[in-house]
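# Chains, contacts and geometry: an overview
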Amino acid sequence: MSEVTKTDAPARPLNFIEEIIEEAIARGETRVHTRFPPEPNGYLHIGHAKSICLNFGLAKRYGGLCNLRFDDTNPVKEDVEYVDSIKEDVRWLGFEWAGEYYASDYFEQLYQWAEQLITKGKAYVDDQTQEQIRTSRGTVTVPGTNSPWRDRTVDENLDLFRRMRAGEFADGDKVLRAKIDMAHPNMLMRDPIMYRILHSEHHRTGDKWCIYPMYDYAHGESDSIERITHSVCTLEFDVHRPLYDWFIAELGIFPSHQYEFARLNLTYTMMSKRKLLQLVQEKVVGGWDDPRMPTICGLRRKGYTPAAVRAFADRVGVAKRDNVIDLGLLEFCVREDLNKVAERRMAVVDPLKVVITNYPENATENITCVNNPEDEAAGVRKVPFSREIYIDRSDFMVDPPKKYYRLSPGAEVRLRYAYLIRCEEVIYDSAGQPIELRCTYDPESKGGGSSDGRKVKGVIHWVSAPHAIEAELRLYDTLFTRENPDDVEEGKTFTDYLNPDSMVAVRALIEPSLASATVGQSFQFERVGYFTPDPDSRPGALVFNRTVGLKDSWGKIAAKE
RNA sequence: UGACCCAUGGUGUAAUGGUAACACAGCAGAUUUUGGUUCUGUCGUUCAAGGUUCGAAUCCUUGUGGGUCAACCA
């Protein structure tokens with residue numbers, strides 16, 4: 001356990017948990033030990049990323065430690081598949097845990113402590129049915145009533161509890177309950193269940209146990225065993241805190257303390273594990289790692305970087321107020337990172353052929369292109385140029401509106417890093433749609449300037465027709481059309497708000513250097529957006545995911561017209 | 001009709017009894033061989049009513065609004 005030392009304090013103000021810690025430091029407490037405690041029953045999402053960044057961030061900032069602990073007290077819902085994915089995601093985010101722990105490692109200790117509570121007269125075996133327990137608990141406004149088994153003797157309780165462990169009873173026959181107060185205003189304190197009988201195989205302990213501790217009984221004690229100083233969880237556990245403290249006090253063990261913060265919500269998506277599972281099971285999405293999912297693996301596949309997610313977690317802040325973060329902030333964070341690190345490439349999403357009539361036939365030249373104007377060290381690359389090229393259909397208009405800087409009949413534009421061209425003739429198909437442009441180029445204008453110093457405002461991207469390679473581009477939009485898909489109108493469900501255009505695949509023509517792109521790389525397709533190769537991508541059958549589009553101020557102006 | 005938590009621009013988050021600010025979004029402009037980036041400017045905020053105080057976003061009271069809790073889930 002290391003001493004508290006403040007390291008790389010960020011410029012931002014302290015959040016309330018950091019304030020609590022700094023007050024403790026001022027009082028002379030010298031240790032910060034946190035933990036990230038997922039139940040291995042599903043994939044991690046962006047909300048978990050906030051918690052991970054908070055817990056690991058606190059440890060890092062104050063020179064402490066952060067554990068990874070799997071809260072695996074319910075064998076029927078958990079699986080090793082999930083522990084593996086959770087570890088992968090935490091590592092991907094850039095964090096390394098001080099220790100890897102499992103609540104199931106503490107089953108024996110937890111059991112011994114339960115016997116201790118029975119011996120103290122603070123716990124009893126209850127024979128009531130689930131239904132009887134539920135009704136006798138009362139409601140939020142009416143007190144509960146005591147179980148007829150509440151006053152069993154210590155010896156009888158001990159005997160029964162041992163026989164529960166020995167497997168003498170069937171699931172649901174008996175439970176162990178804490179003896180607190182059936183009239184307590186806090187429902188959680190009305191003799192909460194500590195153990196239930198579950199003849200079920202556990203992914204780590206196998207069939208060693210047939211009784212399993214409940215969350216409330218296991219969590220605080222697990223924190224205590226690991227000597228966690230700051231047990232950080234989300235707001236809905238606020239009402240559990242008195243119970244958390246009660247067990248620790250009755251047992252007289254290391255006093256970990258719980259602090260609650262507001263979970264993350266994001267517009268146009270949802271964090272409910274149950275609903276995300278439904279989307280996977282009903283094949284609305286391709287899987288947990290579908291790029292439209294708010295899961296960490298989905299964001300990764302979509303091209304989000306760990307740095308972007310961490311920056312996002314830092315910017316959303318930590319407080320106790322319910323919140324819904326604008327998706328725009330997440331997108332800002334990934335653009336901010338990718339703008340600095342992603343190499344630029346040219347890709348034509350919707351190709352329109354252009355023939356440069358005064359350019360020599362069968363000639364090819366290599367145009368020097370800057371890889372990243374934000375990073376000189378990224379260097380340059382050569383891109384082939386020839387008489388026939390493709391430009392994007394949206395970069396040409398027969399009858400352009402005002403302030404349209406791109407190509408139109410008689411107008412001139414700059415081909416990025418190459419020449420100025422002028423549109424001399426438009427060739428139409430039988431439906432009246434332009435299918436080819438005949439242009440002339442200014443041989444003196446290569447790389448910049450022009451033969452006579454004239455200024456040309458428009459710059460468009462291009463690919464050489466004989467050199468370009470084909471690729472599938474998957475263009476993503478929000479999965480839902482509603483800002484808060486959980487907020488459903490009368491008679492509807494969240495699936496009624498699915499966006500039919502959340503994924504659109506197009507065939508594009510891209511520059512040849514992209515043939516060797518590999519999963520994990522990010523590129524900015526100039527003037528289009530950020531893209532990353534999808535795991536489905538194969539040589540000769542390239543697939544790229546759009547991480548996020550570029551900011552599009554022309555699109556905004558055009559939309560207003 | 002219980003206990004607990006929360007309430008600051010459109011969205012988040014600060015201000016810790018002393019000039020309500022920062023980011024994102026929006027708007028306007030400058031720069032730009034990406035209508036990107038960068039830079040500048042700008043719009044706009046303390047749930048209500050009382051009280052304490054020289055002074056309240058902050059403390060107190062009462063409301064109002066939102067949230068959590070009645071799984072042998074976590």
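Residues numbered from 1 in each chain as written. Chains lettered and ligands numbered in written order. Predicted model: local features only at pLDDT ≥ 70, side-chain atom pairs only at ≥ 80, totals over all residues. Heavy atoms only, no water.

Along its length, chain A carries 13 helices and 25 strands. The C-alpha atoms of chain A give a radius of gyration of 31 Å, which is well past the 24 Å a tight globule of 561 residues would have. With the C-alpha coordinates aligned to their principal axes, the bounding extent of chain A is approximately 100 × 55 × 40 Å. Considering chain A as a whole, with its 561 residues, one finds that 51% of them fall into the buried category. Put simply, 71% of the contacts in chain A that link residues at least 6 apart link residues at least 24 apart. Split by element, the accessible area of chain A, about 25600 Å² in all, is 49% carbon and sulfur. Put simply, chain A has 73 plus and 88 minus side-chain charges, and the middle of one group is 3 Å from the middle of the other. (Helix = DSSP H or I, 4+ residues; strand = E, 2+ residues; numbered from the N terminus. Rg over C-alpha atoms; globule rule 2.2 N^0.38 Å. Buried < 20%, exposed > 50% of the residue type's maximum accessible area, 1.4 Å probe, protein only. Contact = heavy atoms within 4.5 Å. Areas by Shrake-Rupley, 256 points an atom, 1.4 Å probe, with all protein chains shown as cover. Lys, Arg positive; Asp, Glu negative; His and termini not counted. Charge placed at Lys NZ, Arg CZ, Asp CG, Glu CD.)

This next bit is on the nonpolar core. The biggest cluster of nonpolar side chains holds 38 residues, and the ones touching the most others in it are I46, I52, F56, V90, L266 and F312. Where this core is concerned, the elements lending two or more residues are α2 (46–61), β2 (65–70), α3 (80–92), α10 (296–302), α11 (306–316) and α12 (327–341). Ranked by the residues each element gives to this core, the list is headed by α2, at six residues. Once residues within four sequence positions are removed from consideration, F56 is found in contact with F36, C66, V90, F95, E96 and W97. Counting 34 residues, the second-largest nonpolar core is a separate cluster that includes L117, M194, Y217 and L251. (Core = buried A, V, L, I, M, F, W, Y, C linked by side-chain atoms within 4.5 Å.)

Taken as a whole, this structure holds 23 aromatic pairs when the rule is applied. Ring centres 5.2 Å apart and planes at 90° place the aromatic pair F385 and W462 in the edge-to-face group. One end of the pair, F385, is in strand β14 (residues 380–386); the other, W462, is in strand β20 (residues 462–464), and 77 residues separate them in sequence. For W462, a relative accessible area of 0% translates into the label buried. By the ring-pair criterion, three or more aromatic residues cluster together here, those being F107, Y111, F161, Y195, W209, Y212, Y217, W246 and F247. A cation over an aromatic ring shows up here: R204 above the ring of Y102, its NZ or CZ 3.4 Å from the ring centre. The ring of W92 has R300 lying over it, and the distance from NZ or CZ to the ring centre is 5.3 Å. (Phe/Tyr/Trp six-rings, centres within 6.5 Å; stacked < 30°, edge-to-face > 60°. Lys NZ or Arg CZ within 6 Å of the ring centre and 35° of its normal.)

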